[in-house]
Amino acid sequence: TTLEFFYVLCCLCCLFVCLCCTIPLDFVFVIDSSRSIRPNDYEKVKTFIINLLQFLEVGSDATRVGLLQYGSEIQPEFSLNTYTTRAEVVQAVRDMKHLATGTMTGLAIQYTMETEFTEEKGARPLSMHIPRIAMIVTDGRPQDTVEEVAAQARQAGIQIFAIGVGRVDMKTLKSIGSEPHSEHVHLVASFSQIETLISVFQSKLCGVSEMCEVVDHQCQHICVSSPDSCVCKCREGFTLRPDGKTSESECSDGVMDLVFIIDGSKSLGPANFERVKQFVSGIVDSLDISKAGTHVGLLQYSTKVRSEFSLGKYTTAQDIKRAVSRMQYMGRGSMTGSALRHMFEQSFTAKEGARPNTQRVCIVFTDGRSQDDVSGWATKAKDSGITIYALGIGKAIEQELREIASEPDEKHMYYAEDFEKMGEMTKKLKSRICTEDMCECENVIMFQQQVSEQLKNLMQNNILYFKCFSNMFFTNCSQKVKITYSDKKTFNT
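About the cut-offs
Residues numbered from 1 in each chain as written. Predicted model: local features only at pLDDT ≥ 70, side-chain atom pairs only at ≥ 80, totals over all residues. Heavy atoms only, no water. Pairing = 2+ DSSP bridges. Helix = DSSP H or I, 4+ residues; strand = E, 2+ residues; numbered from the N terminus. Axes fitted to C-alpha atoms, helices over the stretch in contact; angles between N-to-C directions. Core = buried A, V, L, I, M, F, W, Y, C linked by side-chain atoms within 4.5 Å. Buried < 20%, exposed > 50% of the residue type's maximum accessible area, 1.4 Å probe, protein only. Arc of directions from axis to C-beta. Contact = heavy atoms within 4.5 Å. Phe/Tyr/Trp six-rings, centres within 6.5 Å; stacked < 30°, edge-to-face > 60°. Lys NZ or Arg CZ within 6 Å of the ring centre and 35° of its normal.

*Asks:* Kindly report on the sheet that holds strand β2 (residues 64-70), identifying the contributing residues and their values.
*Replies:* Ordered by their spatial adjacency, six strands build an open sheet running β3-β2-β1-β4-β5-β6, and the pairing between neighbours is mixed. Each of the sheet's edge strands pairs with one partner strand only, and the pair in question is β3 (74-78) and β6 (185-188). The mean inter-strand angle of the sheet, taken between neighbouring strand axes irrespective of direction, is 20°.

*Asks:* I'd love a proper account of the nonpolar core, names of residues and values included.
*Replies:* Phe29, Phe48, Ile49, Leu52 and Met135 are the most contacted members of the largest nonpolar core, which totals 37 residues. Secondary structure elements with two or more residues in this core: β1 (26-32), α2 (39-53), β2, α3 (86-94), β4 (132-138), β5 (158-165), α8 (198-204) and β7 (222-226). The element best represented in this core is α2, accounting for seven residues. Counting 36 residues, the second largest nonpolar core, distinct from the first, contains Leu258, Leu268, Phe273 and Ile393.

*Asks:* Could you give an account of helix α4 (residues 105-116), with specific residues and numbers?
*Replies:* Taken as a whole, α4 has its buried residues at Thr105, Gly106, Ala108, Ile109, Thr112, Met113 and Glu116. The buried residues of α4 occupy an angular sector of 165° when the element is viewed end-on, so they sit on one face.

*Asks:* So what about the environment of tryptophan 377? Which residues, and what values?
*Replies:* If you trace the backbone, tryptophan 377 turns up in helix α13 (residues 375-383). Residues tryptophan 377 and glycine 337 lie 40 residues apart in sequence; the distance between their C-alpha atoms is 6.6 Å. When near neighbours in sequence (up to four residues on either side) are disregarded, tryptophan 377 contacts Gly337, Leu340, Arg341, Phe344 and Glu345.

*Asks:* Break down the pairing of strand β15 (residues 387-393) for me, with residues and values.
*Replies:* Most of β15 is tucked away: seven of the seven residues are buried. Residues Thr387, Tyr389, Leu391 and Ile393 of β15 are buried on one face, and the alternating residues Ile388, Ala390 and Gly392, pointing to the opposite face, are buried as well. Pairing analysis gives six bridges linking strand β14 (residues 359-366) to β15, with the strands arranged parallel. Among the inter-strand pairings, valine 361 is bridged to a residue of β15, identified as threonine 387. In this sheet, strand β16 (residues 413-416) lies alongside β15 in parallel orientation, the contact comprising four bridges. Each residue of the ladder has a partner; that of alanine 390, found in β16, is methionine 413.

*Asks:* Kindly report on the packing of aromatic side chains, identifying the contributing residues and their values.
*Replies:* All chains considered together, the criterion is met by seven aromatic pairs. When the centroid spacing of 5.8 Å and the interplanar angle of 40° are considered together, the rings of phenylalanine 279 and phenylalanine 365 count as tilted. Residue phenylalanine 279 is found in helix α10 (residues 270-285), and its partner phenylalanine 365 is found in strand β14; the two are separated by 86 residues along the sequence. Accessibility classification places phenylalanine 279 together with phenylalanine 365 in one group, the buried group. Pairwise contacts between aromatic rings join Phe260, Phe279 and Phe365 into one cluster. Sitting over the ring of tryptophan 377, lysine 380 keeps its end group 4.2 Å from the ring centre.

*Asks:* Quick rundown of unusual backbone geometry? Include the residues and the values.
*Replies:* In this chain, glutamate 179 is followed by proline 180 through a cis amide linkage whose omega measures 0°. Within the secondary structure, proline 180 is located in the loop between α6 (170-176) and α7 (181-184). Backbone torsion omega between glutamate 407 and proline 408 reads -5°, so that peptide bond is classified as cis. In this fold, proline 408 is placed in the loop between α14 (398-404) and α15 (409-412). Phi angles above zero are rare outside glycine, and alanine 100 is one such case at about 55°. In this fold, alanine 100 is placed in the loop between α3 and α4.

Keep in mind these values describe shape, not function.
Given below as structure tokens:
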């Protein structure tokens, strides 16, 4: 009946309101400020914190935020009751100064538990059941013990997220973070990759459903919930498009078909394979992924070649990154040549989603010597118009990288001694893909226009003639083009 229908509707509305209410947090950032962190990487940590704050509702009755840095000693920056607006917190983060001393992570956890999460410093009473969150960001091995004090902090009701950057031992991170570790412990290859965790923490921090979780918001970067709606925001360095959902990236004017070829050999190891996945996601975040924009495909190779997804499979960055995160490590041999052959013969075909008149780019990532020849298939691919970037880590062979990379190789070949330096390589690669190749494409178009103009002039002077199946210029032609000069030389094309 109509009455029953409205009763059910009212119940659903009440449930929806409950799901969408904003849950306050007591949130403390614990930031490694040791000397091993370079100044530019320190700035990236600050940017990460600022971006994370964008989807937290900061206020005395909402989420309260505190932050401390640590090196050899503890440097409290502000407590949970210091600021009551997001703008104040953001400015305080921007004003932070790098300590550049030791790495006393255990001491920092103890200070957080015993001092920062006290009512005197702004933490609300346990009886209010306000979630207490500590997010620890570190880049190295602690100089003190962490396991026991971290366990005490967790037992005291503090939910700990542990983020490791670079050469941090995963065992150490797991001894710090809360369980399940899959939700609370994260390791990225470099500080350039830390931004990829923003969307991950957006859904995991509160552990409750908000508006962004119960509606299809379609935000490309960050969704921010309010009691009755949600809005999309961009990470720092991006601007929101007029559609209010997608973000303008540094590559927004460049459209390409991009295929990754990822080394999945046993020499890489499972931990580094996860870092490679973070690297791919970082590149994807810098591209304009859409149906009309850039398309991405990915091959993983070991003894065999496996297509993880084709160019035509996904049209959003979120879907691509989700597919990348699901990739399973192959962990056997290293047949780079076979992967290049697969890319050349299959990846850039119409069947796989490659588009006509679209720039074709391939990024090859390897960490060691190939067990087969790479030169032949790389040359065929480059001769067909595919631009290849070769990225090597660790034991990768320089000569092989040069054979794979497009010319000039100093602009298309990148090498890093270890994964700690991978962030610099990633940054350079992003810049190169987003600028030089687009310029090269524009130069080709300009060249084609100039050639067309010259050919028209030659035709008007009856110097150039064609035998075509059609009279249309350069359409359905299977012909010989004869250019006659005063010296009677003839050239056939």
